[in-house]
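# Architecture and fold: a report
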Amino acid sequence: MAIDFELTQEQKELQELARRFARDVMAPRAAKADKLGEFPEDVYRKAWELGLMNLNVPTEFGGSGLGELDQCIITEELAYACGGMTTSISANCLALQPINLAATKEQKERLLKPFCASYNLASFALTEPSGGSDVASMKTTLKREGDEYVINGEKVFITNAPHASIYTLFATVDAARRHKGVTAIVVPRNTPGITVGKDEDKLGHRASATSSITFENARVPVANRLGEEGDGFKIAMNTLDSTRTPIGALATGIARAALDHAAKYSLQRSSFGKPIGEHQAIALKLADMAQKVTAARLLVWYSAWLADQGKPVPMESSIAKCFASDSAMEVANEAIQVFGGYGYMREYPVEKLLRDAKLTQIYEGSNEIQRLVIAKELLKRFA
Amino acid sequence: MDVLVCVKQVPDPETKLRVAPSGKALDTDGVKFTINNTYDEAMVEEALRMKEEFGFTSVRALSVGPARAEEALRATLAMGADEAVLVETPPGMELDPLFTARLLAAAAADIPHDLVLVGRHAQDDEAGAVGSALGEYLGLPSYSFVTELTPVAASHQLKMRRYLEGGEEVFSGPFPAVLSILKGAKDPRTPTLPNILKARKKPLKKIPVKDLEAKVSVLKGGFQPTSAVTSFTLPPPRSGAKMLEFQTPEEAATKLLKVLKEEAKVL
Ligand SMILES: Cc1cc2nc3c(=O)[nH]c(=O)nc-3n(C[C@H](O)[C@H](O)[C@H](O)COP(=O)(O)OP(=O)(O)OC[C@H]3O[C@@H](n4cnc5c(N)ncnc54)[C@H](O)[C@@H]3O)c2cc1C
């Protein structure tokens, strides 16, 4: 009995908490927030109150102190109600993970504790206008002057940027050194010299806010640097290694929502004298959708479980994220097909799922990059 | 003051229910159980509110049920109860409201209590009988369908509210007592994630139901159910809703009126 897929009692309770929050607080707001591109801050505040926000921060610094599997269980439930809100809620985990991984005790006391003690948002600022995939080519600079770094440059597509109180910024102390120059630093939002761009008008995840951040001679104490100069690339990659699997869980939540909507609708809608779900063409679609949702969840759980055992998961986390997000896209697409013309209408919930699913193939490492990683890891075994 | 809250685990309202092959019970195979009865949640909230407002010593939770009922107790601990006791019944053991009340009474005898609270009724069998019976077995006054209570410790009196059809009643009576709570002064709180994790570490004692046999046998009715279910049926499936197609509000109203008059015959 080495394998056990049964959730612990505690995990079931966390799942139930997330499910209720998703159903009672997020779901009723999802359609309107999506339509108007609203940022439902009261929902996020409530998520923080319930402890659903800083899941990966150890309890001694005010977070929930959960492992990856627990995070994935919760994330799937939240995303079942709204992918966009889940992106904004889990952006804190992404932004705070570099601090969890690389900060000194003193920095955690100073930066994490007060942050977690009240409702606050954080952003992970890595992507630049000239490229997100090629991290080592970043152009935002950190120039040391005494006890401070002077920051110049621009980051784009930064989740929660307009609302966050801190940014975990990745910039370079020497662009010529490529990834060896990348350095991580925590930047308070109210630092002079920071301008946040307009809230981007997006295809999906419209309840989340995304914008650029411009730094013009913004000065931040050296004491806010995470690790040493040049450690930033590794910190960013290690961070993404641990948040990639939860993105798979987010995609699984979207896919499960699409499957449920489609299955229910297929029993309500009739054509040619019977529910469409009884026409084999639709039944087979539903069966394929169910396979994808189930497989996605198992890959996510497996990767998270390995990570919780302290094992490195470069390949497994990429497989989980890539498969789950591709599945979400396919399942949401098929859900629209099951709904027919109604599926194409904004009034019905499934077209949103397709728009929301799309992002999961792009952010936190595009699926092309995930495939490169998977292939590299695979081929290592035969080289 | 010590409060004892009695909670029951019930099937998830969203789960599909089936009758067991015996025809006398719900088939619990594959049924998802919610963590707690919603009416119990309102009752537990009232207990916690009182603890916080009046500085009570403790809120303890008690449940009679199979091993899975521990989930209901953990959820109650996550809301804020301090300790819990599960009277664990073996699989398949039959209970009725009066037998349950006897078991609760026997267990409650060893748990400090000035107030014993139960929900107005359980969402599953809707019997609503446990509270009054429990009062009887404990030899305590029982008050039913209370909406808010205020203890006056000095005089050992409770001030209680109760909604009536179109009005409200305020009344008082002595405690210790058993109360069935219709709805508390506040909406039930959602347990926070840290509290769910803390609840794991709170004391939860399990008492095999057999251990209470001697105590229950001397109560009127004894160590067995008083009543027996002879048959159990689900409501007949409702016929589908009818959708009216319309272009204008006037057309909708005309069509609706016609249906109400001619088909539903309610007008
Ligand atoms: C809504 C939203 C929220 C986001 N939130 C954040 C955030 O909070 N923080 C943050 O730092 N970033 C964030 N991002 C940025 C996101 O991570 C990047 O968009 C993503 O990494 C891709 O980078 P890019 O857009 O520059 O595309 P590019 O890197 O320019 O890639 C363009 C295309 O080329 C492909 N490609 C690139 N290199 C290769 C290669 N070597 N082999 C094969 N194909 C390749 C890519 O897969 C992609 O299809 C967000 C993006 C969006 C849309």
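Residues numbered from 1 in each chain as written. Chains lettered and ligands numbered in written order. Predicted model: local features only at pLDDT ≥ 70, side-chain atom pairs only at ≥ 80, totals over all residues. Heavy atoms only, no water.

Before going further, it helps to spend a moment on the overall build of chain B. Looking only at helices and strands, one finds seven helices and 10 strands in chain B. By residue count, 42% of the 267 residues in chain B fall in the buried class. Carbon and sulfur atoms make up 55% of the accessible area of chain B, which totals about 14,200 Å². With 33 positive and 36 negative side-chain charges, chain B shows a separation of 1 Å between the mean positions of the two kinds. (Helix = DSSP H or I, 4+ residues; strand = E, 2+ residues; numbered from the N terminus. Buried < 20%, exposed > 50% of the residue type's maximum accessible area, 1.4 Å probe, protein only. Areas by Shrake-Rupley, 256 points an atom, 1.4 Å probe, with all protein chains shown as cover. Lys, Arg positive; Asp, Glu negative; His and termini not counted. Charge placed at Lys NZ, Arg CZ, Asp CG, Glu CD.)

Moving on: a nonpolar patch on the surface. All names here are of chain B. Among the surface-exposed residues, Leu17, Val229, Phe232 and Leu234 lie close enough to one another that they form a single nonpolar patch of about 290 Å² accessible area. Mapping valine 229 onto the fold places it in the loop between helix 6 (213-217) and helix 7 (249-263). Overall, the relative accessible area of 43% leaves valine 229 in the partly exposed class. (Patch = residues over 30% accessible without salt bridge, like charges linked within 9 Å, V, L, I, M, F, W, Y side chains within 5 Å. Salt bridge = Lys/Arg side-chain N within 4 Å of Asp/Glu carboxyl O.)

In this section: the pairing of strand 4 (residues 115-119) of chain B. Residues and elements named next belong to chain B. Taken across its five residues, strand 4 has five buried, putting it largely inside the fold. Burial along strand 4 is two-sided: Leu115, Leu117 and Gly119 and Val116 and Val118, pointing in opposite directions, are all buried. Bridging between strand 1 (residues 2-6) and strand 4 involves four bridges; their strand directions are parallel. Each bridged residue has a counterpart across the sheet, and for valine 5 the counterpart in strand 4 is leucine 117. Relative to strand 9 (residues 177-181), strand 4 runs parallel, the two sharing five bridges. Among the inter-strand pairings, valine 118 is bridged to a residue of strand 9, identified as serine 180. (Pairing = 2+ DSSP bridges.)

A word on the packing of helix 6 (residues 232-268) of chain A against helix 7 (residues 280-308) of chain A. Packed helices, taken two at a time, are described by the angle their axes make and the gap between the axes. All names here are of chain A. Running from N to C, helix 6 and helix 7 point in directions that differ by 160°, and their axes come no closer than 9 Å. As judged from the angle between their axes, helix 6 and helix 7 are roughly antiparallel. Judged by the twist between their axes, the crossing of helix 6 over helix 7 is left-handed. Between helix 6 and helix 7, the contacting residues are Thr245, Gly248, Ala249, Thr252, Ala255, Arg256, Ala258, Leu259, Ala262, Ala263 and Ser266 on the first element and Ile282, Leu286, Met289, Ala290, Val293, Ala296, Arg297, Val300, Ser303 and Ala304 on the second. (Axes fitted to C-alpha atoms, helices over the stretch in contact; angles between N-to-C directions. Parallel < 35°, antiparallel > 145°, perpendicular 65-115°, else oblique. Left-handed = near helix turned anticlockwise from the far one by under 90°. Contact = heavy atoms within 4.5 Å.)

Let us now look at the pattern of salt bridges. All names here are of chain A. Counted under the stated rule, the structure contains 46 salt bridges over all chains. In this structure, arginine 29 and aspartate 42 form a salt bridge, with 2.7 Å as the shortest nitrogen-oxygen distance. Of this pair, arginine 29 sits in helix 1 (residues 9-36) while aspartate 42 sits in helix 2 (residues 41-49), placing them 13 residues apart in sequence. By relative accessible area, which is 45% here, aspartate 42 ends up partly exposed.

Residue and element names in this part refer to chain B. The three strands lie next to each other as 6-7-8, forming an open sheet whose pairing is antiparallel. Each edge of the open sheet carries a strand with a single partner, namely strand 6 (148-152) and strand 8 (167-174). For this sheet the average axis-to-axis angle between neighbouring strands, irrespective of direction, equals 20°. Where strand 7 (residues 157-164) meets strand 8, eight bridges bridge the pair, whose relative direction is antiparallel. When the bridges of strand 8 are listed, arginine 162 appears paired with glutamate 169.

The accessible area lost on association of the parts is a frequent measure of interface size. Every contact between the two is made by 17 residues of chain A and, on the other side, 15 residues of chain B. On inspection of chain A and its partner chain B, the count reaches two salt bridges. Glutamate 13 of chain A is the salt-bridge partner of arginine 200 of chain B, the closest N and O atoms lying 2.6 Å from each other. Summed over the shared surface of chain A and chain B, the number is three residue pairs in polar contact (both at pLDDT 80 or more). (Polar contact = N/O pair within 3.5 Å; in protein donor to acceptor, adjacent residues only side chain to side chain.)

Following the sequence through the fold, arginine 177 of chain A ends up in the loop between strand 4 (166-172) and strand 5 (182-188). For the pair arginine 177 of chain A and serine 137 of chain A, spaced 40 residues apart in sequence, the C-alpha to C-alpha distance is 9.4 Å.

So, on to the packing of aromatic side chains. Counting across every chain of the model gives nine aromatic pairs over all chains. Taken together, the ring pairs in this structure connect Tyr265, Phe339, Tyr342 and Tyr348 of chain A into an aromatic cluster. Taking NZ or CZ as reference, arginine 256 of chain A lies 4.1 Å from the ring centre of tyrosine 80 of chain A, over its face. Over the face of the ring belonging to tyrosine 39 of chain B we find arginine 120 of chain B, whose NZ or CZ atom lies 4.9 Å from the ring centre. (Phe/Tyr/Trp six-rings, centres within 6.5 Å; stacked < 30°, edge-to-face > 60°. Lys NZ or Arg CZ within 6 Å of the ring centre and 35° of its normal.)

In this section: helix 4 (residues 130-138) of chain B. Those residues of helix 4 of chain B lying buried are Gly131, Ala133, Leu134 and Gly135 of chain B. Elements that come into contact with the buried residues of helix 4 of chain B comprise strand 1, helix 3 (97-108), strand 4, strand 5 (142-146) and strand 9 of chain B.

Take unusual backbone geometry next. A cis amide bond, omega 5°, links phenylalanine 175 of chain B with the succeeding residue proline 176 of chain B. Turning to its location among the elements, proline 176 of chain B is positioned in the loop between strand 8 and strand 9. Positive phi is not limited to glycine here, since phenylalanine 157 of chain A has a value of about 60°. Secondary-structure assignment places phenylalanine 157 of chain A in strand 3 (residues 148-159).

Take the site of the ligand next. Residue and element names in this part refer to chain A. Surrounding the ligand, one finds 19 residues, the nearest of these being Thr127, Gly132, Ser133, Ser366 and Glu368. Contact distances for the ligand include 2.6 Å between an oxygen atom and a backbone N or O atom of glycine 132. Protein chains bury 66% of the 960 Å² of accessible surface belonging to the ligand in isolation. Elements with a minimum of two residues in the shell around the ligand: strand 3 and helix 10 (367-380). In terms of residue class, the shell around the ligand is built from nine nonpolar, seven polar and three charged. (Near = heavy atom within 4 Å. Nonpolar A, V, L, I, M, F, W, Y, C, P; charged D, E, K, R; others polar.)

Splitting chain B by domain gives domain 1 (2-217) and domain 2 (236-267). Averaged C-alpha coordinates put domain 1 of chain B and domain 2 of chain B at centres separated by 43 Å. (Domains from an automatic or database assignment.)

When a protein is soluble and globular, its nonpolar side chains tend to lie buried together. Membership of the largest hydrophobic core comes to 84 residues, with the highest contact counts inside it found for Leu52 of chain A together with Leu115, Leu117 and Leu179 of chain B. Ranked by residue count, the leading element in this core is helix 1 of chain A, at eight residues. Discounting chain neighbours no more than four positions away, the residues touching leucine 179 of chain B are Leu115, Val116, Leu117, Val118, Tyr143, Val146, Leu149, Leu158 and Met160 of chain B. One finds Ile276, Met289, Ala296 and Ile336 of chain A within the second-largest nonpolar core, a separate group that totals 39 residues. (Core = buried A, V, L, I, M, F, W, Y, C linked by side-chain atoms within 4.5 Å.)

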